[in-house]
Amino acid sequence: MAGSLFAQDYNRDYQFRQDMEANRVPAAAEGMRHMFEFNVDSIESAAISFDKIKTKGQDADNGTNIDLDLNYAYGVHPNLQVGTRFEFFSGVAGSEDAENLSLSVGGIFNTNSDFTRSPFVSLYVGAGWAQQFGNDSSRDDLRFATLSIGRRFPLGYLGLKHVVYSPEVSAKFVNSTTDESLDYSQSIQFKFLQFSVFF
């Protein structure tokens, strides 16, 4: 009798594990290799905004801010993704007109072949510029590298099959080749409101 109950429990647990595996979609599989990444704060800031700015001693100025942040990666191996990041800002920063652009490429190593539930390490290198207009106009040509570590958590239990929570911590190193207003900078970034979409 005890053996029969044990066999039933084992078979029930085995069937549960089989069902879980059947519902699990490896992101490295064909059809789930594309990944777009986004931060909640970048969505809240909006891609395009129309602003009216008044500074002391000057007339009000109407302007348009364009703030784009695009991150894409493609799975080329069961544990490896290659990606590109594009950032562009044009508008008013503080009280001055500014224009910043950066483009970087890199790789993401995943310890799990299922990208949607894997710890990962990424390295991106890139170039760009930061330009400021006005009385203190300057332009810095930039070279930079970003090293990150994080983990992805699937949100299937919320009914979001293709969306994962992907927090990470990044170290970013920036150097200016022109040294007009910037020599170099180093920063640690905590991206706790970051999500990825796989398809």
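Placed above this text is the structure.
Not measured: the values here are computed from a predicted model.

Things to note about the overall build of the protein
And then number 1: Along the backbone of the protein there are 2 helices and 12 strands.
And then number 2: Reading the helices (α) and strands (β) of the protein from amino to carboxyl end gives α-β-α-β-β-β-β-β-β-β-β-β-β-β.
And then number 3: Counting the 199 residues in the protein, one finds 28% classified as buried.
And then number 4: Looking at the protein alone, contacts between residues at least 24 apart form 55% of all its contacts between residues at least 6 apart.
And then number 5: When the accessible area of the protein is evaluated, it comes to approximately 12,400 Å², of which 59% is carbon and sulfur surface.

Quick look at the pattern of salt bridges
And then number 1: On inspection of all chains with the given rule, the structure shows 4 salt bridges.
And then number 2: Between E37 and R85 there is a salt bridge, and its shortest N-O distance comes to 3.8 Å. Residue E37 is found in strand β1 (residues 34–39), and its partner R85 is found in strand β4 (residues 80–93); the two are separated by 48 residues along the sequence. When sorted by exposure, E37 lands in the same class as R85, which is buried.
And then number 3: Residue K191 pairs with E168 through a salt bridge whose shortest N-O separation is 3.6 Å. Taken together, the residues K191 in strand β11 (residues 184–191) and E168 in strand β10 (residues 168–176) connect sequence positions 23 residues apart.
And then number 4: On the basis of relative accessibility, which here comes to 18%, the residue K191 falls in the buried class.
And then number 5: Residue E168 is classed as buried on the basis of its relative accessible area, which comes to 2%.

Concerning the packing of aromatic side chains
And then number 1: Scanning all chains against the criterion turns up 6 aromatic pairs.
And then number 2: Arranged with centres 6.0 Å apart and planes meeting at 25 degrees, the rings of F38 and F195 form a pair that is stacked. With F38 in strand β1 and F195 in strand β12 (residues 194–198), this residue pair connects regions lying 157 residues apart in the sequence.
And then number 3: Members of the aromatic cluster, each reached through a chain of ring pairs, are F38, F153, Y165 and F195.
And then number 4: Over the aromatic face of Y124 sits the side chain of R85, whose NZ or CZ is 3.9 Å from the ring centroid.
And then number 5: Lying over the aromatic face of F144, K172 brings its terminal NZ or CZ to 5.1 Å of the ring centre.

With respect to the environment of E87
And then number 1: With respect to the helices and strands, the residue E87 is situated in strand β4.
And then number 2: Under the relative-accessibility criterion, E87 is labelled partly exposed at 31%.
And then number 3: Linking E87 and G128, residues 41 residues apart in sequence, is a C-alpha distance of 9.2 Å.
And then number 4: Excluding its chain neighbours within four sequence positions, the residues that come into contact with E87 are L68, D69, N100, L101 and S102.

Quick look at the nonpolar core
And then number 1: Of all hydrophobic cores here, the largest spans 9 residues; its members are M32, M35, A73, I108, F115, F120, Y124, V164 and F198.
And then number 2: Once residues lying within four places of it in the same chain are set aside, the contact partners of Y124 are G83, T84, R85, S104, V105, G106, I108, F144, A145 and T146.

A look at empty space enclosed by the protein
And then number 1: Scanning all chains against the criterion turns up 1 cavity of 30 Å³ or more.
And then number 2: Roughly 30 Å³ of volume is contained in the largest cavity.
And then number 3: If you trace the largest cavity, you find it lined by M35, E37, R85, I108, F120, S122, Y124, R152 and E168.
And then number 4: Elements that contribute at least two residues to the lining of the largest cavity include exactly β1 and β6 (119–132).

So, the pairing of β6
And then number 1: In this structure, strand β5 (residues 96–110) lies alongside β6, joined through 13 bridges in antiparallel fashion. Directly across from A98, in β6, lies its bridge partner Q132.
And then number 2: Relative to strand β7 (residues 138–151), β6 is paired through 14 bridges, and the arrangement is antiparallel. Bridged to G126 within β7 is F144.
And then number 3: Hairpin geometry of β6 and β7 is characterised by an intervening segment of 5 residues between the two adjacent antiparallel strands and by a positive phi of about 115 degrees at G134.

About the thresholds
Residues numbered from 1 in each chain as written. Predicted model: local features only at pLDDT ≥ 70, side-chain atom pairs only at ≥ 80, totals over all residues. Heavy atoms only, no water. Helix = DSSP H or I, 4+ residues; strand = E, 2+ residues; numbered from the N terminus. Buried < 20%, exposed > 50% of the residue type's maximum accessible area, 1.4 Å probe, protein only. Contact = heavy atoms within 4.5 Å. Areas by Shrake-Rupley, 256 points an atom, 1.4 Å probe, with all protein chains shown as cover. Salt bridge = Lys/Arg side-chain N within 4 Å of Asp/Glu carboxyl O. Phe/Tyr/Trp six-rings, centres within 6.5 Å; stacked < 30°, edge-to-face > 60°. Lys NZ or Arg CZ within 6 Å of the ring centre and 35° of its normal. Core = buried A, V, L, I, M, F, W, Y, C linked by side-chain atoms within 4.5 Å. 1 Å grid on protein atoms, 1.4 Å probe; cavity = no way out; pocket = protein on both sides within 12 Å on 5 of 7 lines; lining within 4 Å. Points joined across faces, edges and corners; volume = space filled by probe spheres on them. Pairing = 2+ DSSP bridges.

Nothing here speaks to function; it is all geometry.
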